[in-house]
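# Reading the structure
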Amino acid sequence: MIGIVDIGSNTIRLSCYEIHEDKSFDCIFHKKQMAGLANYIDKDGRMTEEGIERAVKALESINSFIKHIKLEKVHYFATAAIRNTVNCSDVISEIQEKTGCEINVISGEEEAVCGFVGVSGDNNVTDGCVIDIGGGSTEIVSFENKTVENAASFGIGSLNTYKGFVKNILPAKTELSEIKKEVKRILSEEKIDKKIKSAYGVGGTIRAVLRLYNEEYKLPDTNRIMDSDKIKKLLKVYSEKKNYMTDKIIKIAPERLHTLVPGLTILCTVLKLYNLITVTVSKYGVREGYLIRYILK
């Protein structure tokens, strides 16, 4: 059994996989630690010592759990929270020294491609795009005939957007407008085929949006397909009935109370910008893509 630890901007997640002889795999279980590392970046773009200690404690907790289960190997990789810091190499060195974890920092483009590979492992995809809204970045991959056309990473995610634009726990209408403007500005020069109509969503933010979607529209938990117009309506309902939607978020994803609406705003802006009709939430994502590309080769 193989373990993969994804050190993200919002959470640090351990996923364990049973690998079969034909290199197919089954995910046995997940374990996560809320870390919120994007909250510990100072005005100069450096991760603070408090942020480093936060990462160390979360990894120590995960490593303590790992000692009690039989794993052949554990692989660690880090994304935007550490990748985008000015003191990235120092942060990695200190975390590795204190935890003994050998951490691979992957680029934004590589993270995007891993998301696509993960989606391809779960869905019979031909044409479309993959959207991954993390805590500190958003990755978008467009593909045609099962081949990547464009893979890009943007430094705007649900957690750093909350930190940068929202004064209280939940965003006001004016703050939502500012988030939309920023997303449009960042994506304005990115080339994605406007003919693409179908999107595949990966990552914690989109999974939380799916839970909210199924709750609001009274759909079964097994539903994984979201209509673009109905996703946008969720944001409209939030603007008009803030308390009503807050109660829904507390019910389905209380740990994401402060980040779900900023993440939903990013998603809605992307859907509108590229005229996407549906979003299918994939069971597999970046961790599975990393497993396929780096470990199973």
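For the structure itself, consult the block above.
Okay, so let's go over this structure. (Residues numbered from 1 in each chain as written. Predicted model: local features only at pLDDT ≥ 70, side-chain atom pairs only at ≥ 80, totals over all residues. Heavy atoms only, no water.)

Glancing now at the nonpolar core. One recurring pattern in soluble globular proteins is that nonpolar side chains are buried together. Grouped together as the largest cluster of nonpolar side chains are 43 residues, with contacts concentrated most on I131, M226, I231, L260, L264, L267 and L276. Those elements that provide at least two residues to this core are β6 (128–133), β8 (147–154), α6 (173–187), α7 (204–216), α8 (228–240), α9 (242–252), α10 (260–273) and β11 (278–281). Among the elements that make up this core, the one with the highest residue count is α10 (eight residues). Once you skip the residues sitting within four places of it in the chain, L264 turns out to touch V209, I231, L234 and L235. Counting residues in each nonpolar core, the second largest holds 27 residues, with C16, A35, V74 and V91 among its members. (Core = buried A, V, L, I, M, F, W, Y, C linked by side-chain atoms within 4.5 Å. Buried < 20%, exposed > 50% of the residue type's maximum accessible area, 1.4 Å probe, protein only. Helix = DSSP H or I, 4+ residues; strand = E, 2+ residues; numbered from the N terminus. Contact = heavy atoms within 4.5 Å.)

Bringing the pairing of β6 into the picture now. Buried residues dominate β6, accounting for six of its six residues. Taking every second residue as pointing to the same face, both faces of β6 are buried, with G128, V130 and D132 on one and C129, I131 and I133 on the other. Sheet topology places β6 next to strand β7 (residues 138–144); six bridges connect them, and they run antiparallel. Within the sheet, the bridge partner assigned to C129 lies in β7 and is S142. Hairpin connection from β6 to β7: four residues lie between these consecutive antiparallel strands. By the bridge criterion, four bridges tie β6 to strand β9 (residues 198–202) in an arrangement that is parallel. Note on β9: the bridge partner recorded for D132 is V202. (Pairing = 2+ DSSP bridges.)

This part is about the side chain of R83. Considering the arrangement of structural elements, one finds R83 in helix α2 (residues 80–83). Side-chain polar atoms of R83 contact the backbone oxygen of I106, separated by 3.0 Å. In contact with R83, other than residues within four places in its own chain, are C88, V105, I106, S107, G108, E111, S137, E139 and S153. (Polar contact = N/O pair within 3.5 Å; in protein donor to acceptor, adjacent residues only side chain to side chain.)

Moving on to helix α4 (residues 108–122). Here α4 contains 15 residues, and its C-alpha end-to-end distance of 22 Å stays within 8% of the 21 Å for a straight helix at 1.5 Å per residue. Taken together, the buried positions of α4 are occupied by G108, E110, E111, A112, V113, C114, G115, F116, V117, G118 and V119. Packed against the buried residues of α4 are α2, β6, β7, β8, β9 and α11 (286–295). (Expected span 1.5 Å × (residues − 1).)

Another aspect to go through is the pairing of β8. Sheet analysis places β7 next to β8, joined by seven bridges and oriented antiparallel. Each residue of the ladder has a partner; that of S142, found in β8, is N150. Where β7 folds back onto β8 in an antiparallel hairpin, the turn is made up of two residues, including N145, whose phi is positive at roughly 50 degrees.

It is worth spelling out the packing of α6 against α10 at this point. Relative to each other, α6 and α10 sit at 50 degrees, their axes nearing to 9 Å. Looking at the two axes, α6 sits oblique to α10. Note on packing geometry: the crossing formed by α6 with α10 is right-handed. Here L176, I179, K180, V183, K184 and L187 of α6 lie close against α10, whose contacting residues are V261, P262, T265, I266, T269, V270 and L273. (Axes fitted to C-alpha atoms, helices over the stretch in contact; angles between N-to-C directions. Parallel < 35°, antiparallel > 145°, perpendicular 65-115°, else oblique. Left-handed = near helix turned anticlockwise from the far one by under 90°.)

Here the focus is the state of the cysteines. One pass over the structure, following the stated rule, counts zero disulfides. The thiol of C129 is unpaired, and the distance to the nearest cysteine sulfur, on C268, comes to 14 Å. Its relative accessible area of 1% is what places C129 among the buried residues. (Disulfide = S-S within 2.5 Å.)

Mapping T222 onto the fold places it in the loop between α7 and β10 (225–227). Residue classification places T222 among the exposed residues on the basis of a relative accessible area of 68%. Placed eleven residues apart in sequence, T222 and R211 show a C-alpha to C-alpha distance of 10.0 Å.

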